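Take a look at the letters that make up each chain.
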Amino acid sequence: MHVPSSALRTIKSQLWCVAIVVVVAAVADVASLNGPNVCMVKQKYNITKRVKYRAPMSVRTYEWCFSMPPRCSRWKTEMRDLSRLETEERTAEVAVCCPGYKMKDVSCVPICPSGKTGSGCADDCPENKWGPNCANDCPICSEHGECSPLTGECECKDGWQVVKFACQQRHPRPL
């Protein structure tokens, strides 16, 4: 049985269309923001489209006549197809994280205050981390101090002081 090449091309193009639709649907599902802390906002955007219209145009034609030179011009009005670009403003609903939350992967997680982390901001920062969501690395404070999970500054033990972001022994003042 022989299948015409035009039929094969049609089948191939239909298969490509189906594959593209499936991929786009899968990507849209994966990329969509989900979770309880997702807010929908209206966002404006512009599209530019080409619009066709008909308009009267004056067209100059020439015909033979009894004057010098023997060609006379004549004007007539014709309807012509033209196009123009128009900008249209549209509105779309977009999923964003609600205030107090930030996007991580495809869900919204709380923005924890300094020194806190985890899903409810109940956990303290791990060692050598500080700041909101414990996102910053602490300086090396030496074995005589610890990094503050709130400020990132070294907090030295008694008898020690902060010098250039590290704890050094305090020298007694001469009398």
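As a starting point, this report considers the structure included with it. Everything quoted here is computed from the prediction, not taken from an experiment.

A tally of helices and strands in the protein yields one helix and twelve strands. Listing each helix as α and each strand as β along the protein from the N terminus yields α-β-β-β-β-β-β-β-β-β-β-β-β. Put simply, the protein has 175 residues, and 13% of those count as buried. Pairs at least 24 residues apart make up 42% of the contacts formed inside the protein by residues separated by at least 6 positions.

This part takes up a negative patch on the surface. Residues E127, E146, E153 and E155 make up a contiguous surface patch of negative charge. Locating E155 in the fold gives a position in strand β10 (residues 154–156).

Considering all chains together, one arrives at seven disulfides under this definition. With a sulfur-sulfur separation of 2.1 Å, C97 is cross-linked through a disulfide to C108. The chirality of the disulfide connecting C97 with C108 is left-handed, given an S-S dihedral of about -90 degrees. Of this pair, C97 sits in strand β2 (residues 71–97) while C108 is found in strand β4 (residues 107–110), placing the two residues eleven residues apart along the sequence. C108 matches C97 in its accessibility class, with the two residues each being buried. Between the sulfur atoms of C138 and its disulfide mate C147 the distance is 1.9 Å. Between C138 and C147 the disulfide shows an S-S torsion of about -70 degrees. By sign, it is left-handed.

Here the focus is the environment of D124. In this structure, D124 sits in strand β6 (residues 123–124). Residue classification places D124 among the exposed positions, given a relative accessible area of 54%. C-alpha separation for the pair D124 and S114, spaced ten residues apart in sequence, amounts to 9.3 Å. Aside from chain neighbours lying at most four places away, what touches D124 is G115, K116 and T117. Within the structure, D124 has its side chain in polar contact with the side chain of K116 (distance 2.6 Å).

This brings us to the nonpolar core. In this structure, C138, C141, C147, C154, W160 and C167 together form the largest nonpolar core, which totals six residues. Apart from the residues lying within four places of it in its own chain, the contact partners of C138 are N128, K129, W130 and C147.

Structurally, the position occupied by N37 is in the loop between α1 (5–31) and β1 (38–64). A polar atom in the side chain of N37 sits 3.5 Å from the side chain of Y101. Contacts of N37, omitting those with residues within four sequence positions, involve V96, C97, C98, Y101 and C108.

This structure, assessed with the given rule, holds ten salt bridges. E78 is the salt-bridge partner of K76, the closest N and O atoms lying 3.8 Å from each other. In this structure, E78 and R80 form a salt bridge, with 3.2 Å as the shortest nitrogen-oxygen distance. Looking at E78, the relative accessible area reads 25%, which means it is partly exposed. You can call R80 partly exposed: its relative accessible area is 37%. Salt bridges sharing partners connect three or more residues here, namely K49, E88 and R90.

About the thresholds
Residues numbered from 1 in each chain as written. Predicted model: local features only at pLDDT ≥ 70, side-chain atom pairs only at ≥ 80, totals over all residues. Heavy atoms only, no water. Helix = DSSP H or I, 4+ residues; strand = E, 2+ residues; numbered from the N terminus. Buried < 20%, exposed > 50% of the residue type's maximum accessible area, 1.4 Å probe, protein only. Contact = heavy atoms within 4.5 Å. Patch = residues over 30% accessible without salt bridge, like charges linked within 9 Å, V, L, I, M, F, W, Y side chains within 5 Å. Areas by Shrake-Rupley, 256 points an atom, 1.4 Å probe, with all protein chains shown as cover. Salt bridge = Lys/Arg side-chain N within 4 Å of Asp/Glu carboxyl O. Lys, Arg positive; Asp, Glu negative; His and termini not counted. Charge placed at Lys NZ, Arg CZ, Asp CG, Glu CD. Disulfide = S-S within 2.5 Å. Polar contact = N/O pair within 3.5 Å; in protein donor to acceptor, adjacent residues only side chain to side chain. Core = buried A, V, L, I, M, F, W, Y, C linked by side-chain atoms within 4.5 Å.

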